[in-house]
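Structural characterization, general
Chain by chain, the residues run as shown.
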Amino acid sequence: MTPDSALKAAQAALKTCRDAGFNVAVAVAVADRSGVTQVMLRHRFAGAHTPQAAMGKAWTAASFRSNTTDLIALTQSGTPSAGIRQLPGVVVLGGGMPIESKGSLVGSIGISGARPVPTTIAAPRPGSMPSA
């Protein structure tokens, strides 16, 4: 994912939160396919914890190639995957989503501070996201 594509995805996520009536005092992180943050946008009124939480959600979504909301039930105490929550950097809270293009993971996005927590973000138009 190019830095320009990452920035566009972050800006689209902020717009989606605003248009959907979510709290707009959020932080949005967009990571590449390996979970490394490329873009961080933070509303000036977002809580101090939101940038780190957004980056953790994006990293978790990329690492597990899964929506972080789906990981909540899968990693509950007493389940075979409960230990995932103890891994360094994992944030199992809603708001982390993989970004795919042509069936391949190209990055991820994490949103922190939104109420209620978004589970989907409007995808960029087909072909607008890079395949690498």
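Described in the following lines is the structure provided in the data block. Keep in mind the model is a prediction, meaning the values are calculated, not measured.

1. Regarding the overall build of the protein chain
For the protein chain, the helix and strand inventory stands at 3 helices and 4 strands. Starting at the N terminus and ending at the C terminus, the protein chain contains elements arranged as α-β-β-α-α-β-β. Considering only intrachain contacts with a sequence separation of at least 6, the fraction spanning at least 24 residues in the protein chain is 61%. Surface exposure of the protein chain reaches about 6900 Å², of which carbon and sulfur atoms provide 56%.

2. Some details on the environment of Leu-14
By the element assignment, Leu-14 lies in helix α1 (residues 3-19). As a C-alpha pair, Leu-14 and Val-28 span 14 residues in sequence and 7.2 Å in three-dimensional space.

3. Concerning the nonpolar core
The biggest cluster of nonpolar side chains holds 16 residues, and the ones touching the most others in it are Met-1, Val-28, Val-30, Ile-99, Ile-109 and Ile-111. The biggest single contributor to this core is α1, with 5 residues. Judged by nonpolar contacts, the second largest core, of 5 residues, contains Ala-27, Ala-29, Ala-31 and Ala-54.

4. A closer look at the sheet that holds strand β1 (residues 27-32)
Judged by pairing direction, the sheet is antiparallel, and its 4 strands sit side by side in the order β2-β1-β4-β3 without closing on themselves. Each having just a single partner strand, β2 (37-42) and β3 (96-101) make up the two edges of the open sheet. Here the average twist between neighbouring strands, direction ignored, is 20 degrees. Judged from the 6 bridges that link them, β3 and strand β4 (residues 104-112) form a sheet pairing that is antiparallel. Across the sheet, residue Ile-99 finds its bridge partner in β4, namely Gly-107. Relative to β4, helix α2 (residues 50-64) is tilted by about 155 degrees, and along the sheet it contacts β1, β2, β3 and β4.

5. Overview of unusual backbone geometry
The phi torsion at Arg-65 lies on the positive side, around 50 degrees, for a residue other than glycine. In this structure Arg-65 comes out as exposed when scored by relative accessible area, which is 53%. Within the chain, Lys-102 stands out as a residue other than glycine whose phi angle is a positive 55 degrees. Topologically, Lys-102 is positioned in the loop between β3 and β4. Assessed through its relative accessible area of 72%, Lys-102 is described here as exposed.

Calculation criteria
- Residues numbered from 1 in each chain as written.
- Predicted model: local features only at pLDDT ≥ 70, side-chain atom pairs only at ≥ 80, totals over all residues.
- Heavy atoms only, no water.
- Helix = DSSP H or I, 4+ residues; strand = E, 2+ residues; numbered from the N terminus.
- Contact = heavy atoms within 4.5 Å.
- Areas by Shrake-Rupley, 256 points an atom, 1.4 Å probe, with all protein chains shown as cover.
- Core = buried A, V, L, I, M, F, W, Y, C linked by side-chain atoms within 4.5 Å.
- Buried < 20%, exposed > 50% of the residue type's maximum accessible area, 1.4 Å probe, protein only.
- Pairing = 2+ DSSP bridges.
- Axes fitted to C-alpha atoms, helices over the stretch in contact; angles between N-to-C directions.

As far as function goes, none of this settles anything; it's purely spatial.
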